[in-house]
Amino acid sequence: MALTPARTMPGVLELLPLDQIAFQRMLDVIRRNYERFGFLPIETPVIEYSDVLLTKTGGETERQVYFVQSTGALNAASKVDEGMPELALRFDLTVPLARYVAEHERELSFPFRRYQMQRVYRGERAQRGRFREFYQCDIDVIGKDALSVRYDAEIPAVIYSVFRDLAIGPFTIQLNNRKLMRGYFESLGIVDGEQQMLVLREVDKLDKRGADYVRDTLTGEMFGLSAGVAAKILAFVQVRSTSLRDALDKLDALGAGPAAMEQGRNELKEVLGLIHAFGVPETHYALNLSIARGLDYYTGTVYETTLNEHPQIGSICSGGRYESLASQYTKSKLPGVGISIGLTRLYWQLRDAGLIDTATSTVDVLVTQMDEAQLPAYLALASELRGAGIATEVVLEGGKLGKQFKYADRAGIRFVIVLGEDEIAKGVVTVKDLRREDQFEVARSELAKTLRVELEQAAAMG
């Protein structure tokens, strides 16, 4: 019988163990920081009802959704007659969050502070750096009826803490406000909401496509704006700040405008000042009036985070404020603010740029087998080390000692323990440190303590 070729579909990230450990440690850093700021974990099912998942999305999203063939009877309320399967895989974590909050509204305490770190699925075209299955790491604060803009300032504080601890290089959290942008467009005579949204989507392309592209689009047949109006829009969206004082001055320099513009400006000023109060250094956040975020549901503050020395990577984290999270599921007004780290793509980009390496093994020690008759002694030694909090593996099948050392080296295990006749007779063990390429003897009774000190010193040095 012919063998079936072992292969994975394009658009998934399948890692070797030491790479997976590096990825998992990034997840751990993100989770630790989310919890440090008081966010609570939730998980939602990978599969949702199609009519719930796609209530408020357009055709483009629907074309990217993976539908699931139900094995049971179709729900009569689902769009059977339209040919839509009953179930689908979630394509982000925001829509499931909206459903979750609406469904459990009476059981939750508001403001509801949640984090969620799970895989999502999207029918991306197979191309470099685009994934069909990927991790999103989200935080959101949801209010009941109202939510202070102060929470908009807390989100960048969390993100600063995350990326500081990930230690992936200098970064900047860039902020804008959709009310400010819409108000400014209104002052230029662009008052239709749909047209404003289209202009927002175009200026959001400024950093990727350049000023000439945006200018030509705005003055082209689709928009028909005058050269003067397009020039003012470009001047507006090219505003950047270098410090908190500079940001506040540049907001004041925009001049007076409609009510929406004034509200957006005031919100931005408050948010920028509170970010400073949260302890985020001024070098790590800035005003960027081209940040718009393409999704329609953002209504106020918006964020994007970039690596200063690697702008080609683009945004590594983004989000913003929305006025009603779950209006398609409940009559309650549930405003919120949140941000998302697309960790799979971020990890892939960082590794591709040479900014992260494979990790060391999660196993600290390998106990070799010198004599099969001494296996109970090896197992007892391993149990003692595990009891001291040291991850330990035992070679259960013997072989040449050199081969056992080679296995430890390839597996990324730092310490190798040798306990032969000579060591047993002297009451010691031999420890080989593969990282430092040296070895030493230590009293059997002191082994766990000695290794614990070595591992703690290594952890402190990073």
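Residues numbered from 1 in each chain as written. Predicted model: local features only at pLDDT ≥ 70, side-chain atom pairs only at ≥ 80, totals over all residues. Heavy atoms only, no water.

Asks: Would you mind going over helix α11 (residues 244-252) with me for this structure?
Replies: In an α-helix there are 3.6 residues to a turn, and that puts residues three or four apart on one side. Among the residues making up α11, those that are buried are Leu 244, Asp 246, Ala 247, Leu 248 and Leu 251. Those residues of α11 that are buried are in contact with α6 (178-187), α12 (259-277) and β8 (285-287). (Buried < 20%, exposed > 50% of the residue type's maximum accessible area, 1.4 Å probe, protein only. Helix = DSSP H or I, 4+ residues; strand = E, 2+ residues; numbered from the N terminus. Contact = heavy atoms within 4.5 Å.)

Asks: In this structure, what is going on with the packing of aromatic side chains? I would like to understand it.
Replies: The relation between two aromatic rings is expressed through the spacing of the ring centres and the mutual angle of the planes. Counting across every chain of the model gives eight aromatic pairs. Judged by centre distance (5.6 Å) and plane angle (55°), the ring pair of Phe 23 and Tyr 135 falls under tilted. Remark: Tyr 135 occurs in strand β6 (residues 133-142) and Phe 23 occurs in helix α1 (residues 17-36); sequence separation between them is 112 residues. Taking the relative accessible area as the measure of exposure, Phe 23 reaches 3% and is therefore buried. Judged by its relative accessible area of 17%, Tyr 135 falls in the buried class. Linked through ring pairs, Phe 23, Tyr 135 and Tyr 347 together constitute an aromatic cluster. In this arrangement the basic side chain of Arg 113 is found over the ring face of Phe 39, its NZ or CZ atom lying 4.4 Å from the centre. (Phe/Tyr/Trp six-rings, centres within 6.5 Å; stacked < 30°, edge-to-face > 60°. Lys NZ or Arg CZ within 6 Å of the ring centre and 35° of its normal.)

Asks: For this particular structure, what's the right way to read the pairing of strand β9 (residues 298-307)?
Replies: Along any regular strand the residues' side chains alternate between the sheet's two faces. Of all ten residues making up β9, nine are buried, and the element is well covered by its neighbours. Here strand β7 (residues 171-177) pairs with β9 via seven bridges, running antiparallel. Counted as the bridge partner of Gln 174 is Glu 304 from β9. When β9 meets strand β10 (residues 317-322), the two strands line up antiparallel, connected through five bridges. Looking at the pairing, Glu 304 lines up with Ser 318 of β10. (Pairing = 2+ DSSP bridges.)

Asks: For this particular structure, what's the right way to read the environment of Gln 196?
Replies: Tracing the backbone shows Gln 196 in helix α7 (residues 193-203). It is 73 Å that separates the C-alpha atoms of Gln 196 and Val 442, two residues lying 246 residues apart in sequence. The contacts of Gln 196, once residues within four sequence positions are left out, are Arg 182, Phe 185, Glu 186, Ile 190 and Val 191.

Geometric values such as these leave the question of function open.
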